[in-house]
Amino acid sequence: MTVLDILHFPDSRLHQVAKPVSQVDDRIRQLVSDMAETMYAAPGIGLAATQVNVHERIIVIDVSEERDELRVFINPEITASSEDCKLFEEGCLSVPGVYAEVERPDRVSVRALDENGKTFVVNADGLLSVCVQHEIDHLNGRVMVQYLSRLKQSRLRARIAKAERELG
Ligand code: GNR
Ligand code: NI
């Protein structure tokens, strides 16, 4: 197992759209295992392959207190969303130190493949719902900061550019 490097905003590779996995094989299972190790080491509650510069539709999530309930979503599709939405203060491993209130459907149904290539469906609410939507955004090249106002986005870009200049 390997802890992979996580891309940081603003990196254009975070905006690549990931391609579907055509076959869930040992290469994919190795990647899933490395992504899980990377997520637990960070630590984070979710990680999309895009964040480790792999542009395939793979997500790992663990929203459990004990950090012992790994969920793997390959080729995830949202098949239904609730009408009612909720605001949640989100963080992102690719945008460290930044928190943004994002409004999303409260509940979603997600269909995906597991690490054995078997289709499953999960009806997600609470933190799992927020997290799976955040991760699917990553697979579509969308980063949480894109929900901020344009003013807040430009301030954030300026702050990151300044910090990078000062670090040399
Ligand atoms: O670790 C994470 N925490 C988090 C908190 C609120 C909403 C979303 C998240 S996902 C984030 C890990 C991450 O960046 N996944 O892409
Ligand atoms: Ni993220």
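So, how was this worked out
Residues numbered from 1 in each chain as written. Chains lettered and ligands numbered in written order. Predicted model: local features only at pLDDT ≥ 70, side-chain atom pairs only at ≥ 80, totals over all residues. Heavy atoms only, no water. Helix = DSSP H or I, 4+ residues; strand = E, 2+ residues; numbered from the N terminus. Buried < 20%, exposed > 50% of the residue type's maximum accessible area, 1.4 Å probe, protein only. Contact = heavy atoms within 4.5 Å. Expected span 1.5 Å × (residues − 1). Core = buried A, V, L, I, M, F, W, Y, C linked by side-chain atoms within 4.5 Å.

Draft legend 1. Summary view of the side chain of Asp137. Mapped onto the secondary structure, Asp137 falls in helix H2 (residues 126-139). Among the residues examined, Asp137 registers a relative accessible area of 13% and is labelled buried. Dropping the residues within four chain positions of it, Asp137 is found in contact with Arg104, Arg142 and Tyr147.

Draft legend 2. Examining H2 more closely. Given a rise of 1.5 Å per residue, 14 residues ought to cover 20 Å, and the 21 Å separating the end C-alpha atoms of H2 matches this to within 8%. With respect to burial, H2 is a largely interior element, twelve of its 14 residues being buried. Within the sequence span of H2, burial applies to Leu128, Ser129, Val130, Cys131, Val132, Gln133, His134, Glu135, Ile136, Asp137, His138 and Leu139. Downstream of H2 by one or two residues, Gly141 has phi in the positive range, about 80°.

Draft legend 3. View of the nonpolar core. Ranked by internal contacts, the top residues of the largest apolar core, which has 16 residues, are Ile28, Met35, Ile58, Val60 and Ile74. Only helix H1 (26-41), strand S2 (58-61) and strand S3 (71-81) provide two or more residues apiece to this core. Per element, the largest residue contribution to this core is five residues, and it comes from H1. Other than its neighbours up to four places away in sequence, Val60 contacts Val32, Met35, Ala36, Met39, Ile45, Gly46, Leu47, Leu70, Arg71 and Val72.

Draft legend 4. Spatial organisation of the environment of Val132. Here Val132 lies in helix H2. The spatial distance from the C-alpha of Val132 to the C-alpha of Ala80 is 13 Å, given a sequence separation of 52 residues. Non-local contacts of Val132, meaning those with residues more than four positions away in its chain, are made with Ile61, Phe73, Val108 and Val110.

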